[in-house]
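# Survey of secondary and tertiary structure
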Amino acid sequence: MQVLQVQLAVQPDPAEVGRARRWVRTRLLNHGVDPDAPMAETVVLVVSELVTNAVVHTGCPAVLRLCLPMADDPEQDAPAGPLRVEVADASQAAPAPRHAGADENATNGRGLELVELLCERWGWYPDGSGKRVWCEIGTDARPADPLADVDWAALAQ
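Our subject in this report is the structure included herewith.

The rules we used
Residues numbered from 1 in each chain as written. Predicted model: local features only at pLDDT ≥ 70, side-chain atom pairs only at ≥ 80, totals over all residues. Heavy atoms only, no water. Helix = DSSP H or I, 4+ residues; strand = E, 2+ residues; numbered from the N terminus. Buried < 20%, exposed > 50% of the residue type's maximum accessible area, 1.4 Å probe, protein only. Contact = heavy atoms within 4.5 Å. Areas by Shrake-Rupley, 256 points an atom, 1.4 Å probe, with all protein chains shown as cover. Pairing = 2+ DSSP bridges. Salt bridge = Lys/Arg side-chain N within 4 Å of Asp/Glu carboxyl O. Axes fitted to C-alpha atoms, helices over the stretch in contact; angles between N-to-C directions. Parallel < 35°, antiparallel > 145°, perpendicular 65-115°, else oblique. Left-handed = near helix turned anticlockwise from the far one by under 90°. Nonpolar A, V, L, I, M, F, W, Y, C, P; charged D, E, K, R; others polar.

Here we come to the overall build of the protein. A count of helical and extended segments in the protein gives four helices and five strands. Beginning at the N terminus, the succession of helices and strands in the protein can be written as β-α-α-β-β-α-β-β-α. Counting over 157 residues, the protein shows a buried share of 43%. In the protein, once contacts between residues fewer than 6 apart in sequence are set aside, the share between residues at least 24 apart is 66%. Of the roughly 8500 Å² of accessible surface on the protein, a fraction of 48% belongs to carbon and sulfur atoms.

Each regular strand carries side chains that alternate between the two faces of the sheet. With seven of seven residues buried, strand S3 (residues 83–89) is to be regarded as a mostly interior element. A two-sided burial pattern is seen for S3, the buried positions comprising Leu 83, Val 85, Val 87 and Asp 89 on one face and Arg 84, Glu 86 and Ala 88 on the other. Direction of pairing for strand S2 (residues 62–69) relative to S3: antiparallel, over a ladder of six bridges. Bridged to Leu 66 within S3 is Val 85.

Counted under the stated rule, the structure contains eight salt bridges. Close ionic contact of Glu 136 with Arg 121 constitutes a salt bridge, the shortest N to O distance being 3.0 Å. Residue Glu 136 is located in strand S5 (residues 130–137), and its partner Arg 121 is located in strand S4 (residues 121–127); the two are separated by 15 residues in the primary sequence. Among the residues examined, Glu 136 registers a relative accessible area of 12% and is labelled buried. Arg 121 gets classed as partly exposed once you look at its relative accessible area, which sits at 45%. Linked by salt bridges that have partners in common, Arg 65, Arg 84, Glu 86, Arg 121, Asp 127, Arg 132 and Glu 136 make up one network.

Hydrogen bonds along the backbone pair up the strands of a sheet, which may run parallel or antiparallel. As summarised here, the arrangement of the five strands in space is S1-S2-S3-S5-S4, forming an open sheet in which the pairing is antiparallel. Looking at strand neighbours, the two that pair on one side only are strand S1 (3–10) and S4, the edges of this open sheet. Taking the axes of each pair of neighbouring strands and ignoring which way they run, one obtains an average angle of 15° across the sheet. Docked against the sheet, helix H1 (residues 15–30) engages S1, S2 and S3, running at close to 160° with respect to S1.

This next bit is on the packing of H1 against helix H2 (residues 38–58). Between H1 and H2, the shortest axis-to-axis distance is 9 Å and the interhelical angle comes to 150°. Taken together, the axis directions place H1 and H2 in an arrangement best described as roughly antiparallel. Read as a crossing pair, H1 and H2 show a hand that is right-handed. Every residue of H2 that contacts H1 at Val 17, Ala 20, Arg 21, Val 24, Arg 25 and Leu 28 is listed here: Ala 40, Val 43, Val 44, Val 47, Ser 48, Val 51 and Thr 52. Taken together, the residues that form the contact of H1 with H2 break down as nine nonpolar, two polar and two charged.

Read these as geometric descriptors, not functional statements.
Below you can see the structure in the form of structure tokens.
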């Protein structure tokens, strides 16, 4: 299977998160993925979380990479396999999932929890003088509303 890799340099500015989301939507559309499909919504949400983490927690530029599997049959509507998202940044600190607790109105602390819920697999590894956080999203990705089934009471413990 062939894989198309595209990447975007992201500056250490929170406004770059919106630019990354728009860029991803365009790349997915160009790759034949319906922008309203659950997979596309999931990819955009995961990119938003990972780029936000890189921008907020490092204060350094980052690189967003999409690895898009190429279908052997050009008539096929969906990608041939899982789509991979990677964000490389200059920090050597391991990504640490934080728990926001039971406060449904909390605005941060759930990014890596969302990635874990929405992706088939995710992880990180040292990369040069920094790290690379990656995840894989299948063609049968869940809808982008993972909080609907969250047991808030269990998270608060």
